[in-house]
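This is what each chain is made of:
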Amino acid sequence: MDFQWSLQPMLKWMRCIGIYLESPGSVIGSPFRIWIIAFGLVVFFVNICRNAIFIGEYFPKLDNSSSEMSTPVLWNTVISMSNYLFVTTGSQLSLIVGSISRWPGLIQILRQMEKEHFFEAKHYRRFRRICISALAFLITVLVVIAIVGTLIILPIDMPIVTKVSELLYPTLVLYVFSGAAMFSCVGWITSDMFMILAEKVTQQLNKSCKFNQTDWSRRLDSWRHQHYTMLQLVDKINNCYSGLLLVLIASSFVMMINTSFLIMRRDLNLNILLHLSILIIEFGHFAMLIYVPHRIRESAICFTKTLRCLDLDNQILQEKVFLKSIFRFIFLISVLYKYVGGEQLNFFIVDALDSLPKITALGLFDVNLHLAPSIVGTTLTYLIILCQFQYSKN
């Protein structure tokens, strides 16, 4: 078992939609690599052309009906459609660029972990369960979106060709949710890596009953190396998905404001349940994006706490040695201070705390749970402003 086996479900799905992600177990690459990339580029240019046609057809109609709409409704509609065009195009472009230029560096870190035997078979099974769960959730969301879109478009009286075009158009959101699922999958696996490293330290604590300066020094070096490699992996994830996160989070802000305003309107016969469902899905999507980086950081903090327990357990054992022999205690405490309880361990703990991993959106802001109150406050603020304009118009 390896990362090739663990990531296989999500890698195959991404290739099916035209995003070629290099496999950890293949150094040469798939013979279908060029065809998959070409398919993804074709779909991207079709998306661009479809959006351009949509702009040419929709916005003139919107301009003609502007006299029948209030200013808040008009601008809300324009921003909503612009946001949809932005997120479908931006997410697909971010995935294509990231898969070609940034993903190979991430794969190199995973190959290094495999080569140095960081993980066991049970850990790879654990990683694969994460990928399968992410893929199952992704397919469920896409099926729900397809069903809702079909129920909305089919009753409308329009030519069959137009109906087919309208039914296929919402399928572009699969790149939005697929990118988010792939990021969440890789991020969740990385957070589990920090937890596994903490479990290894705990196991060594439970097994160790004697102090051997050489063994402890070797273990500390091994843990420090694994921790540093995992931090490198987080940096590669940040480089690969920071652009996508900026697109998705910015779009989520706009989408939640827009949907909330639609729910608050009373002058149109809107399907409140439908828009409420969209709002819940969008907020859940946003919550997952900000929770995964938070989980990575909390897992790294958990590892540093485990290291502190290591120092505490050593002090307890030192006290037991003192009860046996004062001379033996003096000798061992000097050794432990040098190799475990002193400079090496303390420096490792301080270094781990100073280099806690974080995910950013192209370096503009940190992606974490602090964004949740921000989006709620921003949504309420703009919602109040839009409602004031709407009611003053009425």
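Residues numbered from 1 in each chain as written. Predicted model: local features only at pLDDT ≥ 70, side-chain atom pairs only at ≥ 80, totals over all residues. Heavy atoms only, no water.

I keep staring at the overall build of the protein and nothing clicks. Help me out?
When you go through the protein residue by residue, the secondary structure sums to 12 helices and zero strands. Seen in sequence order, the protein has helices and strands lined up from the N terminus as α-α-α-α-α-α-α-α-α-α-α-α. Burial statistics for the protein: of 394 residues in total, 46% are counted as buried. Within the protein, contacts between residues at least 6 apart in sequence are counted, and of these 82% link residues at least 24 apart. Roughly 20,700 Å² of accessible area belongs to the protein as shown, and the carbon and sulfur atoms make up 66% of that amount. (Helix = DSSP H or I, 4+ residues; strand = E, 2+ residues; numbered from the N terminus. Buried < 20%, exposed > 50% of the residue type's maximum accessible area, 1.4 Å probe, protein only. Contact = heavy atoms within 4.5 Å. Areas by Shrake-Rupley, 256 points an atom, 1.4 Å probe, with all protein chains shown as cover.)

Help me understand the packing of aromatic side chains in this model?
Centre-to-centre distance and the angle between the planes together describe a pair of aromatic rings. Tallying each qualifying case throughout the model produces 12 aromatic pairs. An angle of 85° between the planes, with centres 5.4 Å apart, marks the rings of Phe119 and Phe127 as edge-to-face. Here Phe119 matches Phe127 in class, with each residue buried. Look at Trp188 and Tyr291: their rings are 5.7 Å apart centre to centre, the planes differ by 50°, and that puts the pair in the tilted class. With Trp188 in helix 7 (residues 173-207) and Tyr291 in helix 9 (residues 272-324), the pair connects residues that are 103 residues apart, well separated along the chain. Given a relative accessible area of 26%, Trp188 falls into the partly exposed group. Judged by relative accessible area, which is 33%, Tyr291 ranks as partly exposed. Through a chain of ring-to-ring contacts, three or more aromatic side chains come together here, namely Phe3, Phe118, Phe119, Tyr124 and Phe127. (Phe/Tyr/Trp six-rings, centres within 6.5 Å; stacked < 30°, edge-to-face > 60°.)

Help me understand the layout of surface pockets, please; the structure alone is not making it clear to me.
Here the idea is plain: a probe the size of a water molecule rolls over the atoms and shows the empty space left. For the second largest pocket, the calculated volume is near 400 Å³. Taken together, 16 residues form the lining of the second largest pocket, with Ala134, Phe137, Ala181, Ser184 and Met288 sitting closest to its centre. Among the secondary structure elements, those contributing two or more residues to the lining of the second largest pocket are helix 5 (121-153), helix 7 and helix 9. Grouping the constituent residues of the lining of the second largest pocket by class yields 12 nonpolar, four polar and no charged. (1 Å grid on protein atoms, 1.4 Å probe; cavity = no way out; pocket = protein on both sides within 12 Å on 5 of 7 lines; lining within 4 Å. Points joined across faces, edges and corners; volume = space filled by probe spheres on them. Nonpolar A, V, L, I, M, F, W, Y, C, P; charged D, E, K, R; others polar.)

Could you clarify how one ought to interpret empty space enclosed by the protein in this entry?
For the structure shown, the criterion picks out three cavities of 30 Å³ or more. One number sums up the size of the largest cavity: a volume of about 70 Å³. Elements represented by at least two residues in the lining of the largest cavity include exactly helix 4 (71-115) and helix 8 (213-264). At five residues, the largest contribution of residues to the lining of the largest cavity is made by helix 4. Its residues assigned to classes, the lining of the largest cavity shows nine nonpolar, three polar and no charged. Roughly 60 Å³ of volume is contained in the second largest cavity. Around the second largest cavity, the lining residues are Phe3, Leu7, Leu106, Leu110, Val186, Ile189, Thr190, Met193 and Leu233.

Looking at this model, I keep getting lost on the environment of Ser222. Mind explaining?
Residue placement: Ser222 occurs in helix 8. Distance from Ser222 to Phe118, taken between C-alpha atoms, is 9.8 Å for residues 104 residues apart in sequence.

How do you make sense of the environment of Ser82 when you look at a structure like this?
Within the element layout of this structure, Ser82 appears in helix 4. By relative accessible area, Ser82 is classed as partly exposed at 33%. Along the sequence, Ser82 and Ile55 sit 27 residues apart, while their C-alpha atoms lie 9.0 Å from each other.

Any chance you could explain the side chain of Thr306 here in plain terms?
Among the secondary structure elements, Thr306 is positioned in helix 9. On the accessibility criterion, Thr306 (9% relative accessible area) is buried.

Any chance you could explain the pattern of salt bridges here in plain terms?
Opposite charge on two side chains lets them pair, provided their charged atoms get close. Following the criterion strictly, the structure yields six salt bridges and no others. Ionic pairing is found between Arg111 and Glu22, a salt bridge with its closest N-O pair at 2.8 Å. Pair noted here: Arg111 is in helix 4 and Glu22 is in the loop between helix 2 (8-16) and helix 3 (33-64), with a separation of 89 residues, a long-range link. In this pair, the class of Arg111 matches that of Glu22, namely buried. Lys358 serves as the salt-bridge partner of Asp366, at 4.0 Å between the closest nitrogen and oxygen. Via salt bridges that share partners, Arg126, Asp192, Glu199 and Arg295 belong to a single interconnected network. (Salt bridge = Lys/Arg side-chain N within 4 Å of Asp/Glu carboxyl O.)

I tried to follow unusual backbone geometry on my own but got confused; where do I start?
Of all residues except glycine, most have a negative phi; of all peptide bonds, most are trans. At His117, a residue that is not glycine, the phi angle is positive and equals roughly 60°. Relative to the elements of secondary structure, His117 occurs in the loop between helix 4 and helix 5. At Leu362, a position not held by glycine, the phi torsion is positive, near 55°. By the element assignment, Leu362 lies in the loop between helix 11 (343-354) and helix 12 (371-393).

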